[in-house]
Structure formats: C-alpha cells, structure tokens
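Architecture and fold: a report
One-letter residues, chain by chain:
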Amino acid sequence: MNSETVRAKTQVWYASGYGCSQEIFKRADVKKELDKRMMIGEYQKIGYRAFYNVTKIRKVAMSRTVEYIESEAFRGCTMLRCVELTANVKRIGAGAFYGCLRLKEIVLPRSIDRIEEKTFKQCRALERLNLNTAIHYIGANAFLDCETLEEIVIPEQIEVIHFRTFYGCKNLTKVALPKGLKKINREAFSKCGIKRIKLNRELEYIGEAAFSKCRELEYIEIPESVSQIDRWAFHGCNQLKKAVFRGEPKNLGDWIFNKNNVTVVCRKGSMLEEYCALFGYQTEALENYEVEE
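Residues numbered from 1 in each chain as written. Predicted model: local features only at pLDDT ≥ 70, side-chain atom pairs only at ≥ 80, totals over all residues. Heavy atoms only, no water.

**Here we look at the overall build of the protein**
A tally of regular secondary structure across the protein gives 2 helices and 22 strands. Structurally, the protein occupies a C-alpha span of about 75 × 30 × 30 Å along its principal axes. Looking at the 293 residues of the protein, the share that counts as buried comes to 50%. In the protein, of all internal contacts separated by at least 6 residues, the share reaching a separation of at least 24 is 25%. Averaging the locations of the 48 positively and 39 negatively charged side chains of the protein gives two centres separated by 7 Å. (Helix = DSSP H or I, 4+ residues; strand = E, 2+ residues; numbered from the N terminus. Buried < 20%, exposed > 50% of the residue type's maximum accessible area, 1.4 Å probe, protein only. Contact = heavy atoms within 4.5 Å. Lys, Arg positive; Asp, Glu negative; His and termini not counted. Charge placed at Lys NZ, Arg CZ, Asp CG, Glu CD.)

Set out below in structure tokens:
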C-alpha cells in the first residue's frame, strides 16, 4: 500500500489508499510517516489498533470514503484532542477511543446507531457528547471514567443501560433517561456526581450497586413499575435523605441503602415497610407524603 506525503502550511499528513488492492488503513501505514495532524483519505476502514498507543498524534480528520473505525483503532492515543468524522462513518468498533485522555469533544454522525463496549472508556477530558436519536445500543463500560462529562441525554430507543456504562463519571450531574428504559444494570451509574435523577415510569429493574457511591445524590423516587432492586443499589450514597417508593418491588436485595441516613417513604403496613424494619431504615407513610416534583 502506498502513501503520499503532502507538506502544506498546515503540516497535515495525507494518507491515501486510492488505487490500492487493500482498503484498510493499518498499523504499518501509520509507522511509515506520522505527524501531529493527519487526514485519512480514500480508505474504507481504519484497521484494528491502527493508532494503538501512538502518543504523537493530536488531530485526525477522515475523508468521506471512511466508513468503519475498527476496534481499539485509537486506543491509548493520550495526546489526541480532536477527531473529525464524516456523515459516512457507519460503525465505530469496541474500545476505539479507549484511553484517549485528552479527547474533549466528538460529534457522532446520525449514521452511527451503536456505541460498542469501552468505546470512550477513560476519555477523562471528554466534556461534550451528543448522542443522536438513531442510537439504540450503548455497550458496557462505554463511558467508564469519563470524569469531565457533566450532562448526558440518553436516546429514546435505549431500553437497557449496561454494566458500568457511566461508572466513575464523577462530574456527571445531569442525566435524562429515555421513557422506554427497562433496565439499569450493575454499577451503571456508580460513582457519578448525580444529585437528583428522575427514573422513568416504565423502568422494571435496578441492578446491583447501580447508583452506589453517588455521594451527591439527595433524593430518589422509585416508580411503581420497578419490580426488582438488587443489593447495594444506592449504598454509599451518603447524602441520600429521601427514597420514595410509588409501588412495592417484589424483589429487594440486601442493604440497598446505607443505614441511618435515609428515610424510606412507602405504604404503611406493606412488605416494604417490613424490609425497612429488618435493615433499620426509617420510614414515612406514603399516604401522608407529598411527592416532590
């Protein structure tokens, strides 16, 4: 595969695959010549680990021919700050930007309908990310330790938030959940900065430690639709004062809250009230409580 070097004032290296039998921009192509800013042109794919641990690169732009970014393509590019995607990019593989510590913002085209596992894991400087409405799947660990991310609107097609999707997003204070969300899985929002979150009315399941160690969380209302809450779901939420249950989950795991710092608002005489007595949680009758908006 041939590559051309264009030395313009902008000092951008243009990698071209035009007329080549292969259409994948590979690790070997990166090694031929590397600059801080690169334009990937006339290739269909950026290959598996093509830029793995390449710390020199600062900016990458792609031509309209690029349709696929394979798994871990930019993993460990710790100095990468900017990635320009075109509307023709159809797929971004698992862990594609894993460990890009200085990546601040990326615009995902509407052609992307999935965010795979670990795609933005440990992108600690990621400040803004608009998830387009076409996205119907977000994989486990997708945004783990995105410490700078402050706000996220989860697309309406998402029905499950998987294992540790937003784990460790310590500055994530605003989360908008989709109306049709059914499950929040294990440690999905653990160690986030959430103060208040409105759980949707179709939610059925809250997994083990789903909101554990959200140390700023002050109030939670559990909708009537929730039938199962696994152990430690809100454990370690030291500022949690009120947990309001609109219904009565059939299955409750051990120690879903800390002891002594939370008041559980539930129906008087219910099995939930008995659960609270068993674990030493204070209770207040739902019948006498005006639920906060």
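**Some points on helix α2 (residues 271-279)**
Listed in full, the buried residues belonging to α2 are Leu 272, Tyr 275, Cys 276 and Phe 279. End-on view of α2: buried residues confined to an arc of 100°, all on one side of the axis. Residues Met 271, Glu 274, Ala 277 and Leu 278 are exposed on α2 and point more than 90 degrees away from its buried face. Buried residues in α2 make contact with β19 (242-245), β20 (251-252), β21 (263-266) and β22 (282-285). Once α2 finishes, Gly 280 follows within two positions and takes phi at roughly 80°, a positive value. (Arc of directions from axis to C-beta.)

**Some thoughts on the pairing of β19**
By the bridge criterion, 4 bridges tie strand β17 (residues 219-222) to β19 in an arrangement that is parallel. Across the sheet, Ile 222 pairs through a bridge with Phe 245, a residue of β19. Sheet analysis places β19 next to β21, joined by 3 bridges and oriented parallel. Each residue of the ladder has a partner; that of Ala 243, found in β21, is Val 264. (Pairing = 2+ DSSP bridges.)

**Quick look at the sheet that holds strand β14 (residues 183-184)**
Taken together, 5 strands build an open sheet; the order of strands is β12-β14-β16-β18-β20 and the sheet is parallel. The open sheet terminates on both sides in strands that have one partner only, identified here as β12 (160-161) and β20. Relative to β14, β12 runs parallel, the two sharing 2 bridges. Bridge pairing in β14 places Ile 161 opposite Ile 184.

**Description of the pairing of β22**
Direction of pairing for β21 relative to β22: parallel, over a ladder of 4 bridges. Following the sheet pairing, Thr 263 is matched in β22 by Gln 282. Note on the crossover from β21 through α2 to β22: the handedness is right-handed. (Right-handed = clockwise from strand over helix to strand, strands pointing away.)

**Topic: the nonpolar core**
A general trend in soluble globular proteins is that nonpolar side chains are found buried together. Of all hydrophobic cores here, the largest spans 84 residues; its most connected members are Phe 51, Phe 74, Phe 97 and Phe 189. Elements represented by at least two residues in this core include exactly β3 (37-41), β5 (59-62), β17, β19, β21 and α2. Each residue touching Phe 97, except ones within four places of it in the same chain, is listed here: Ile 69, Phe 74, Val 83, Ile 92, Leu 103, Ile 106, Thr 119, Phe 120, Lys 121 and Cys 123. Of all hydrophobic cores here, the second largest spans 5 residues; its members include Tyr 219, Val 244, Val 265 and Leu 286. (Core = buried A, V, L, I, M, F, W, Y, C linked by side-chain atoms within 4.5 Å.)

**Side note on the environment of Arg 58**
Mapped onto the fold, Arg 58 is located in the loop between β4 (45-46) and β5. Between the C-alpha atoms of Arg 58 and Arg 37, which are 21 residues apart in sequence, the distance is 5.8 Å. Not counting chain neighbours up to four residues away, the residues in contact with Arg 58 comprise Lys 36, Met 79, Leu 80, Arg 81 and Cys 82. Of note is the side chain of Arg 58, whose polar atom sits 2.5 Å from the backbone oxygen of Lys 56. (Polar contact = N/O pair within 3.5 Å; in protein donor to acceptor, adjacent residues only side chain to side chain.)

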